[in-house]
Amino acid sequence: MSQVLESPLEAGRDAVRRRDWDAAYPLLQEADTASELAPEDLELLAESALWGGLFTEYMDATERSYKGYVEAGNLARAAYIATILAHDYGAQLQTSVASGWLSRAKRHLDETEEAPEHGYWALQRSLVALGEHDYDEAFRQGKTAEEMGKRFSDRSLEIRGIQRQGAALLEKGEVGEGKMLLDEASAAALGGELDPYSTLVVYCNTIGACREVSDFDSAAQWTDSASQFCDANSMSAFPGMCRVNYAEVMRFRGRFNEAQELAGQAGEELRTWCPRIAGAAFYELGETRLRLGDLAQAEQAFREADEHGHNPEPGHSLLRLARGDALGAWSSIRRLLADETIGLAARTTFLPAGIDIAVAAGELESAERFATELDTAAESFETSALKAAAAYAHGKIALARDNADGAEACFRTARTLWEATGASYDSARAREQRGLALRAGGDEEAAVWELEAAAARFERLGAVRDAERVAEALMRDVSKAVMKTFVFTDIVGSTELASTLEDRHWNNVLRRHDETLRTIFADHGGQVVDHTGDGFFAAFEDPAEAVQAAIAIQRAITLEFEFDLRIGVHSDGALQREENYHGKGVHAAARIGAAAEGQEILASLDTMAKLGQFKTADHREIALKGFKHEVPVCAVEWAS
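Description of the structure in this document. (Residues numbered from 1 in each chain as written. Predicted model: local features only at pLDDT ≥ 70, side-chain atom pairs only at ≥ 80, totals over all residues. Heavy atoms only, no water.)

### Focus: the overall build of the chain
A count of helices and strands for the chain gives 31 helices and eight strands. For 640 residues, the compact-globule formula gives about 26 Å, and the C-alpha radius of gyration of the chain, at 28 Å, lands near that figure. Overall, the C-alpha framework of the chain stretches about 85 × 75 × 40 Å when taken along its three principal axes. Taking the contacts inside the chain whose residues are at least 6 apart along the sequence as the reference set, 62% of them involve residues at least 24 apart. Carbon and sulfur atoms make up 48% of the accessible area of the chain, which totals about 27,600 Å². (Helix = DSSP H or I, 4+ residues; strand = E, 2+ residues; numbered from the N terminus. Rg over C-alpha atoms; globule rule 2.2 N^0.38 Å. Contact = heavy atoms within 4.5 Å. Areas by Shrake-Rupley, 256 points an atom, 1.4 Å probe, with all protein chains shown as cover.)

Shown next, in the form of structure tokens:
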């Protein structure tokens, strides 16, 4: 009985149809080795290499496909491949090579009848025009792509042309129509109307538009959709880009450890294949490190962003401000904001920093001009985060002009808006400034309340320099030195968990988690100092009770919940005023908590030295940001 074996070429084609990229690439490569593939099959080889993360192989197969189409006389398809190569070389920052491929594509198209390939060339030309801040040209070329898509029944081309027009309109300040077009494109992608590559392009562009106008809730939702699409279609090339998007969302929400990890991973993954996106990842890393108070590492990240073609502003100017160089920071941010070709949406990413720096440099008239522009943007884009930034900006200006009451009202508004969007770090900034405004207005008791709340929040988030700055402001009042044992808890992977559950279900889970921990803290004599999102900061008089509480919490979580918790425990001196604590002892405890793994109680060795009743394991030394020497720690055994 004979058996007909499927050839590697046919098997490879079938694997592509099934989107089994791990199987497709070696099969097509085997077929290519046996006999050079036709240009159509080289396209399949390139596609399987792309989704498998084999970027060098992808570029090689794509260029060979172009050559094959030229030799076969299929100039329209050759032009399409040349257009793709123009995009890819642009992403690799090889602008001259990219321009050459785009020109070559245009020459081929000039020799052919009108076809969808003309529309894809217009799409790429539109992208180039956006980068050159020529928004009218970007819109025109996007419109051409849309019309070509309609004429030739190419839905992917049509929708991507619509999205390109929307992006151009946003930058021109025509927000209503621009958002409508972007929403139309996003709905088509979500509805499965487009090919896989176009679906991801639309997702990524939608996320970028949301991030640019500080609509981080929408950005997070679309990032979830993109990640799920990648997983469903076995596409390993795009998660690096998704991580950049998630990193900014996590930074906005004050989840700095997650943001730092995501941005670092994305930068390394994309460094070679897509330097342009890697630059965005390194920029995010710099912004996060800046908030954590690690100025040297922030500078390094901004340098890497610059080397990879990403503008290091406004982060670099904010870094100069953090180092006390207000005039230098003003000089650099002023030059940036003087560029009138930057579109309205893009300017919103620079204006808040420009206002902060202008106030610090005493340039209040410029700050007021920028604040008016930010008001316009906030009103146009209708995002809470931008409205909060505008209120905060007016508060800073009012405080600088000794209008304490006006400043207090602005900061109160900013805090309310930021808290509603989950912006923990920014809400702490608003509370700090409100405290200073209340102090300037003569209400010292209310001022201390706000400053202590801000300090506790900064401590919880690991924002060391911010916490120390607020602590200095609080030192004007009577604080007493105390010895306490501090406990920090945090749910591991809460963002991913929340994305898999309905909001109501997740809120119910969080409520049960909060009630469980508060009960255990109370049972062991602990005081809840701060509660941010899904994490707690508690203080104990008795270190043994603190450890017992941590053990009880881990056992309860294991029995009652489907997630893991990390817990840090550390005894140290701190400064206390009423029910708040600040100082390096609290910093150390927060850092130890952040270093713990899921299901781990990580304690400093000094804390456990006199607590022989508890078993410990995994003794090690860890580096804590803001501390010169590594700290000996150990894991507390709690399972039995």
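There's plenty left to go through after this.
### Describing the nonpolar core
Formed by 136 residues in total, the largest nonpolar core has its most connected members in Ile355, Leu374, Phe381 and Trp418. When residues of this core are assigned to their parent elements, the largest contribution, ten residues, is made by helix H22 (residues 384-400). Residues in contact with leucine 374, not counting those within four places in the same chain, are Leu351, Pro352, Ile355, Leu386, Ala389, Ala390 and Ala393. Core analysis: the next-biggest nonpolar cluster, separate from the first, contains 33 residues, Val487, Phe536, Ile557 and Val569 among them. (Core = buried A, V, L, I, M, F, W, Y, C linked by side-chain atoms within 4.5 Å. Buried < 20%, exposed > 50% of the residue type's maximum accessible area, 1.4 Å probe, protein only.)

### Some details on helix H23 (residues 404-420)
Over its 17 residues, H23 runs 24 Å from end to end, which matches the ideal 24 Å to within 8%, given 1.5 Å per residue. Ala404, Ala407, Glu408, Phe411, Ala414 and Trp418 are the residues of H23 that are buried. Seen along its axis, H23 keeps its buried residues to an arc of 130 degrees; they face one direction. For H23, the exposed residues lying more than 90 degrees away from the buried face are Asp405, Thr416 and Ala420. (Expected span 1.5 Å × (residues − 1). Arc of directions from axis to C-beta.)

### Structural notes on the pairing of strand S4 (residues 565-577)
Taken together, the twelve bridges between strand S1 (residues 480-491) and S4 define a ladder with antiparallel strand orientation. Counted as the bridge partner of lysine 484 is aspartate 572 from S4. Looking at chain direction, S4 and strand S6 (residues 600-604) are connected through four bridges and run parallel. Bridge pairing in S6 links glycine 568 to leucine 602. (Pairing = 2+ DSSP bridges.)

### Description of the packing of aromatic side chains
The tally for this structure, following the rule as stated, stands at 16 aromatic pairs. One aromatic cluster is present, formed by Phe486, Phe488, Phe537 and Tyr581 through successive ring pairs. Looking at lysine 106, its charged tip hangs above the ring of tryptophan 121, at a distance of 5.8 Å from the centre. Between arginine 429 and the ring centre of tyrosine 392, over which it is positioned, the NZ or CZ distance is 4.4 Å. (Phe/Tyr/Trp six-rings, centres within 6.5 Å; stacked < 30°, edge-to-face > 60°. Lys NZ or Arg CZ within 6 Å of the ring centre and 35° of its normal.)

### Some remarks on the packing of helix H7 (residues 116-131) against helix H8 (residues 135-151)
In contact at an axis separation of 8 Å, H7 and H8 are set at 160 degrees when each is read in the N-to-C sense. Relative to H8, H7 is oriented roughly antiparallel. The chirality of how H7 crosses H8 is left-handed. Side by side, H7 and H8 meet where His118, Gly119, Trp121, Ala122, Leu123, Arg125, Ser126, Ala129 and Leu130 of the first sit next to Tyr135, Glu137, Ala138, Gln141, Gly142, Thr144, Ala145 and Met148 of the second. Its residues placed into classes, the contact of H7 with H8 shows nine nonpolar, six polar and two charged. (Axes fitted to C-alpha atoms, helices over the stretch in contact; angles between N-to-C directions. Parallel < 35°, antiparallel > 145°, perpendicular 65-115°, else oblique. Left-handed = near helix turned anticlockwise from the far one by under 90°. Nonpolar A, V, L, I, M, F, W, Y, C, P; charged D, E, K, R; others polar.)

### A word on the pairing of strand S2 (residues 527-532)
Strand direction decides the pairing type here: S2 and strand S3 (residues 535-540), joined by five bridges, are antiparallel. Each bridged residue has a counterpart across the sheet, and for histidine 531 the counterpart in S3 is phenylalanine 536.

### Observations concerning unusual backbone geometry
A cis amide bond links glutamate 313 to the next residue, proline 314, at an omega of 5 degrees. Tracing the chain through its elements places proline 314 in the loop between helix H16 (295-307) and helix H17 (315-322). In this structure, arginine 19 is a non-glycine residue whose phi angle is positive, near 60 degrees. Mapped onto the secondary structure, arginine 19 falls in the loop between helix H1 (8-17) and helix H2 (21-34).

### Description of the pattern of salt bridges
One pass over the structure, following the stated rule, counts 48 salt bridges. We note a salt bridge from glutamate 174 to lysine 172, for which the minimum N-O separation is 3.7 Å. Classification of glutamate 174 as partly exposed rests on a relative accessible area of 35%. For lysine 172, a relative accessible area of 37% corresponds to the partly exposed category. The partner of arginine 255 in a salt bridge is glutamate 258, and the shortest N-O contact between them spans 2.5 Å. Each member of the pair, arginine 255 together with glutamate 258, is buried. (Salt bridge = Lys/Arg side-chain N within 4 Å of Asp/Glu carboxyl O.)

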